[in-house]
Amino acid sequence: MRRALPSILSVAVAVGVSFIAAALTLGSVSQTASAFGAMVEGALGDWPRFFETGNATAVLRPIGEAATKAGLLTLTGLSVAVAFRVGLFNIGAQGQMVVGALAAAFIGARLSLPAALHLPLALLAAAAIGSGWALIATALKLWRGVHEVISTIMLNWVAVSLVENWLVVGPLRATASGTNSVSGTAQILPTAELPRVMAESSRLNLGFFLAVALALAVSLWMQRTRAGYESRAVGLAPRAAEAAGISVSRRLFEAMAVSGALAGLAGGVLILGTELKYPATLASPYGFDGIAIALIGQSHPLGALASALFFGALRAGGTHMQLYGVHKSFPELIQGLALLLVAAKLFWERLLKQRIATRTRSPV
Amino acid sequence: MLQLVDALLSSTLDAAPALVFAALGAVLSERAGVVNVGVEGMMRAGAFVAAVAALVMPTPLGVVLGMLAGAALAALHAWLCIRFRADQVVSGMAINLVMLALGTFLLEARFSPNGTPSIEQLTRWGSGVPVLGGHTALTWLALAAPFALHAVIQRTRFGLRLRAAGEKPQAVAAMGVSVSRLRFVAVTCGGLLAGLGGASLSVATLDRFEHNMPAGLGFMAVAAMVFGRWTPLGAAAAAAFFAFGNALRIGLTSSAPQVLEVIPQGVLLALPYLLTLLLLAGQKRGAGKAPAALGTPYDPELR
């Protein structure tokens, strides 16, 4: 809990600062307050209306939307967190997500298989290609000493350019049916769709539950297995780990493969759960958000899950702010500000140490 | 044919300043030992502030304010990294995320969702002069700036100290010079240049701020810096080369679409990044590398 304190305080300050910024821009405190109120309502559901009218959709739809977004953020957040734990900075989650999404869209639309095979295969393909994309950066690092920050930035743009400006508009583009012009790849088959949980009222699908399960699994792996222990040791002190007989390069490869697979899976869940095809452009930069989610979660799998739940909810609420003249990406501003504050490491160390000092001094 | 080459050169010279300034800004910051992946966000700030300021004041003054906006963000980055030992990559990415959302929010709340109203572009000079004529002062400046920065970094006392701060900061400290102050100045000046790069997008290349500016150019500037091996001349040459590639691609879509059926546009778009990756993959370990102390906060206790 103590480790979470900097994050919680940062998020609180970020919410406050963004409120002031919005009030100054809109020139009205009451309008800003209404916008923030709409955000909360859009995130947690309109409970008063539910109790008055008994209309379950008023609560289920917002919560479902929040969980859908939280699931995707959890996956990319985990991806960045896992790499961070071995001391690698995977900025490339966005690129890995894009290639994963394309793989899922391709398998989902082009193969016809029974549902029991089709969905797992599409998800597996997304994870595998995301993993492969991340391994390019790992290989460059281990064999050529190329810093992973630089290689993953490059790989992001390579992925986006090749997928969105070539494959999706060229070879993999859906063939137009009748007079309707279509964009993006062909619609995936129903056998590859992630089943929806509340079919009538929300887009919430099994992807969210998969993400939560994976967060728990990664947490167990990191905290309770030998491999996880060794990975953490590599992240904390690579030379000491090497001296202790841990194969550093093996742990780096392993962590980066898992990291890429998680980001690829985020792409798969996005396509098979909500988009149902690869659209003309994948407008959602969940991969870049993963950096913020992971670090606000202090690079801990469960921390990432918690921050993904929080920001997923805010984002679902963001769309409701439009009514008050606030762009729906406003929660991303809160998220960015929180990341900026969390980053000031020394500040938090000093602040928290001071708190310990005052606490021990006070009884005397 | 000659006409085609002329048009291509002209559009390269139009688009290059943004990339050149941003790449130079990144070089300045990284040579002093501070990673700068926040160029994208600093460019966005520069582009937005310049376009908005030019609505109410002369455009050149708007450009200056745009530069200052880039510098302010860079100062924040430097402050977090130097004073509070923030992870430099995290701080840079945070600046990108904040600016992406803040720019969109301000644009939508104050103007229209797509862009700000048109402003008066910077004046284009010397339309009679062959090749170089018909461009704004920024193009001319972009041609001179790499040499100026090269001279500063390689030939002045400040430049020597700056390089030392990026290679072995302890040596700088041993001379009695403050590493923190040196790095702060370098990063902030880098932000000034990144802001100028962004501003040149909204006042010279276009005449307004568009919602997705600079659309990844900041990351391309980082690629140019790496491609140019962290030297001003190399980075500027790489930036100009990438700008030429962009101009060629845009030229091909309008004048020779049949070429794009053989080489798809997406492949051309990915080319700058692919080339940078290939260059990095091809070189030996330790050759043409980043400054030695890049990314590590200066710790006076270490030797």
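The following refers to the structure shown. (Residues numbered from 1 in each chain as written. Chains lettered and ligands numbered in written order. Predicted model: local features only at pLDDT ≥ 70, side-chain atom pairs only at ≥ 80, totals over all residues. Heavy atoms only, no water.)

With respect to the overall build of chain B
On a plain count of helices and strands, chain B comes out with 12 helices and 2 strands. Starting at the N terminus and ending at the C terminus, chain B contains elements arranged as α-α-α-α-β-β-α-α-α-α-α-α-α-α. Relative to the 2.2 N^0.38 estimate, which gives 19 Å for 303 residues, the radius of gyration of chain B is 19 Å and therefore close to what a compact globule would have. With the C-alpha coordinates of chain B rotated into their principal frame, the extents come out at 60 × 45 × 35 Å. The buried share of chain B, taken over its 303 residues, is 52%. Roughly 12600 Å² of accessible area belongs to chain B as shown, and the carbon and sulfur atoms make up 67% of that amount. (Helix = DSSP H or I, 4+ residues; strand = E, 2+ residues; numbered from the N terminus. Rg over C-alpha atoms; globule rule 2.2 N^0.38 Å. Buried < 20%, exposed > 50% of the residue type's maximum accessible area, 1.4 Å probe, protein only. Areas by Shrake-Rupley, 256 points an atom, 1.4 Å probe, with all protein chains shown as cover.)

Brief notes about the overall build of chain A
Of the regular secondary structure elements, chain A holds 15 helices and 0 strands. Relative to a compact globule of 364 residues, whose C-alpha radius of gyration would be 21 Å, chain A shows 22 Å and is just as compact. Its C-alpha atoms put chain A at 80 × 60 × 35 Å along the principal axes. Put simply, chain A has 364 residues, and 55% of those count as buried.

Description of the interface of chain A and chain B
Taken together, the contact pairs 50 residues of chain A with 45 residues of chain B. The tally of links from chain A across to chain B stands at 0 salt bridges. The tally of links from chain A across to chain B stands at 3 residue pairs in polar contact (both at pLDDT 80 or more). Only helix 1 (5-26), helix 6 (115-144), helix 7 (148-167), helix 12 (286-296), helix 14 (330-343) and helix 15 (345-361) of chain A provide two or more residues apiece to the side of chain A that touches chain B. Among the elements that take part in the side of chain A that touches chain B, helix 7 of chain A stands out by supplying 12 residues, more than any other. (Contact = heavy atoms within 4.5 Å. Salt bridge = Lys/Arg side-chain N within 4 Å of Asp/Glu carboxyl O. Polar contact = N/O pair within 3.5 Å; in protein donor to acceptor, adjacent residues only side chain to side chain.)

A few points about the pattern of salt bridges
A complete count under the given rule lists 9 salt bridges over all chains for this structure. The salt bridge partner of glutamate 254 of chain A is arginine 251 of chain A, with a shortest N-O separation of 2.8 Å. With glutamate 254 of chain A and arginine 251 of chain A both in helix 11 (residues 248-275) and 3 residues apart, the pair spans about one turn of that helix. One salt bridge in this structure joins arginine 208 of chain B and glutamate 210 of chain B, with 2.9 Å as the shortest N-O distance. Connected via shared salt-bridge partners are Arg226, Glu230, Arg251 and Glu254 of chain A.

Structural notes on the side chain of glutamine 88 of chain B
With respect to the helices, strands and loops of the structure, glutamine 88 of chain B is situated in helix 4 (residues 88-110). Residue contacts for glutamine 88 of chain B: discarding those within four places in its chain leaves Gly33, Val34, Val35, His77, Cys81, Gly295, Thr296 and Pro297 of chain B.

Let's talk about unusual backbone geometry
Cis geometry is found at the peptide bond from methionine 213 of chain B to proline 214 of chain B, where omega equals -5°. A positive phi angle is found at glutamine 298 of chain A, which is not glycine, with a value near 55°. By the element assignment, glutamine 298 of chain A lies in the loop between helix 12 and helix 13 (301-318). Given the relative accessible area of 25%, glutamine 298 of chain A is considered partly exposed. At serine 299 of chain A, a residue that is not glycine, the phi angle is positive and equals roughly 55°. With respect to the element layout, serine 299 of chain A can be found in the loop between helix 12 and helix 13.

As for the packing of aromatic side chains
Going through the model one piece at a time under the given rule, you end up with 19 aromatic pairs over all chains. A centroid spacing of 5.9 Å and a plane angle of 85° characterise the contact between tryptophan 47 of chain A and phenylalanine 50 of chain A, whose relative ring orientation is edge-to-face. With tryptophan 47 of chain A and phenylalanine 50 of chain A both in helix 3 (residues 47-53), this residue pair falls 3 residues apart, about one helical turn. Overall, tryptophan 47 of chain A belongs to the partly exposed group, its relative accessible area being 38%. A ring pair is formed by phenylalanine 310 of chain A and phenylalanine 311 of chain A, whose centres lie 5.1 Å apart and whose planes are at 85°; its orientation type is edge-to-face. When its relative accessible area of 1% is taken as the criterion, phenylalanine 311 of chain A is described as buried. Three or more aromatic residues joined by ring pairs form one cluster here, namely Phe19, Phe36 and Phe330 of chain A together with Phe105 of chain B. (Phe/Tyr/Trp six-rings, centres within 6.5 Å; stacked < 30°, edge-to-face > 60°.)

Points about helix 2 (residues 29-44) of chain A
All names here are of chain A. With 16 residues, helix 2 should reach 22 Å at 1.5 Å per residue; the first-to-last C-alpha distance of 22 Å fits that figure. Within helix 2 the residues assigned to the buried category are Thr32, Ala35, Phe36, Ala38, Met39, Gly42 and Ala43. One side of helix 2 carries all its buried residues, which in axial view fall inside an arc of 155°. Opposite its buried face, helix 2 presents the exposed residues Val29 and Ser30, each directed more than 90 degrees away. (Expected span 1.5 Å × (residues − 1). Arc of directions from axis to C-beta.)

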